[in-house]
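Structural characterization, general
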Amino acid sequence: MAKTPEDLATPDTPDTPDTPDTPAASDPSEPSSLSEPSSLSEPSSLSERQRRRALVICIAAAFLTLLDVSIVTFALPSMEEHLHMSPADVSLAIAGYTLTFGLTLVPAGRLGDEFGRRRIFLLGLLLFTVTGVLCGAAPSAGWLDFARLARGITAGLIAPPRSSD
């Protein structure tokens, strides 16, 4: 079977130790490409400053996703008046965000494993900003409810759990 470029980048790991591809013993004098950490995948290759900056960005993003619920709760009387929201619309604006946020966490973690956590985080941050603009520009209660549901999904993309080791 032909190998793709992705297959060539990752070393083959045999399922059983007695396969012919497995070396019988490891010679300490020969460098092993399997034991050397990749500089792109190992967090230890980052400098202390880069790690701190990444930590601050992740904490700020997580804070913003949770602060969003409080901001809407505080602004709800004004939104209710200007958008002529029914009690069902009010409930959906708050609970819909929280529900879609929670439901997106696990699939977003899987997407992060598949396509890279940084890429999914940046996509989520971009879409979170776009959906924030949509929420702010909502001309009606239905528009706001839809934008809040979408905002919950994008918040889940920002803060996914890690689904594999």
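Our structure is the block above this text.
Definitions and limits used
- Numbers given to residues run from 1 along each chain, matching the order in which its sequence is written.
- Local features in this predicted model are restricted to residues whose pLDDT is 70 or higher, and side-chain atom pairs enter the listing and the counts only when it is 80 or higher, whereas totals over whole chains, interfaces and linings include all residues.
- Side-chain numbers here rest on the full set of heavy atoms in the structure, without hydrogens or water.
- Fitted lines through C-alpha atoms give the axes, limited to the stretch in contact for helices. The angle between two N-to-C directions lies from 0 to 180 degrees.
- Numbering of helices and strands starts at the N terminus; helices are DSSP runs of H or I of at least 4 residues and strands are runs of E of at least 2.
- For this classification, under 35 degrees means roughly parallel, over 145 means roughly antiparallel, 65 to 115 means roughly perpendicular, and everything else is oblique.
- We call a crossing left-handed when the near helix sits turned anticlockwise from the far one by less than a right angle, and right-handed when that turn is clockwise.
- Any two residues whose heavy atoms approach within 4.5 Å are treated as being in contact.
- All amino acids are sorted into three groups, where Ala, Val, Leu, Ile, Met, Phe, Trp, Tyr, Cys and Pro are nonpolar, Asp, Glu, Lys and Arg are charged, and the leftover types, Gly among them, are polar.
- Given a helix with a known number of residues, its expected span is that number minus one, times 1.5 Å.
- One fitted axis covers the seven residues ending at a residue, a second covers the seven starting there, and the bend at that residue is the angle between these axes.
- Three labels apply to residues, based on accessible area from a 1.4 Å probe with only protein chains included: buried if under 20% of the type maximum, exposed if over 50%, partly exposed otherwise in between.

It is worth spelling out the packing of helix 3 (residues 87-115) against helix 5 (residues 141-158) at this point. Between helix 3 and helix 5, the least distance of the axes is 6 Å, while the angle of their chain directions is 25°. Between helix 3 and helix 5, the angle falls in the class roughly parallel. As for how helix 3 packs across helix 5, the hand of that crossing is right-handed. Contact with helix 3, carried on its side by D89, L92, A93, G96, Y97, T100, F101, T104, L105, A108 and L111, involves A141, D145, R148, L149, R151, G152, I153, A155, G156 and L157 of helix 5 and no other residues of that element. Class assignment for the residues of the contact of helix 3 with helix 5 results in twelve nonpolar, five polar and four charged.

A word on the environment of A159. Summarising the element assignment, A159 is placed in the segment after helix 5. As a C-alpha pair, A159 and G109 span 50 residues in sequence and 8.3 Å in three-dimensional space.

Across its 29 residues, helix 3 extends 40 Å between first and last C-alpha, which sits within 8% of the 42 Å expected from 1.5 Å per residue. Along helix 3, the helix axis deviates most sharply at L105, where the bend reaches about 40°; the proline P107 sits within four residues downstream. Restricting attention to buried positions, one finds in helix 3 the residues V90, A93, G96, Y97, T100, F101, T104, A108, G109 and G112. The elements touched by buried residues of helix 3 are helix 2 (48-83), helix 4 (117-136) and helix 5.

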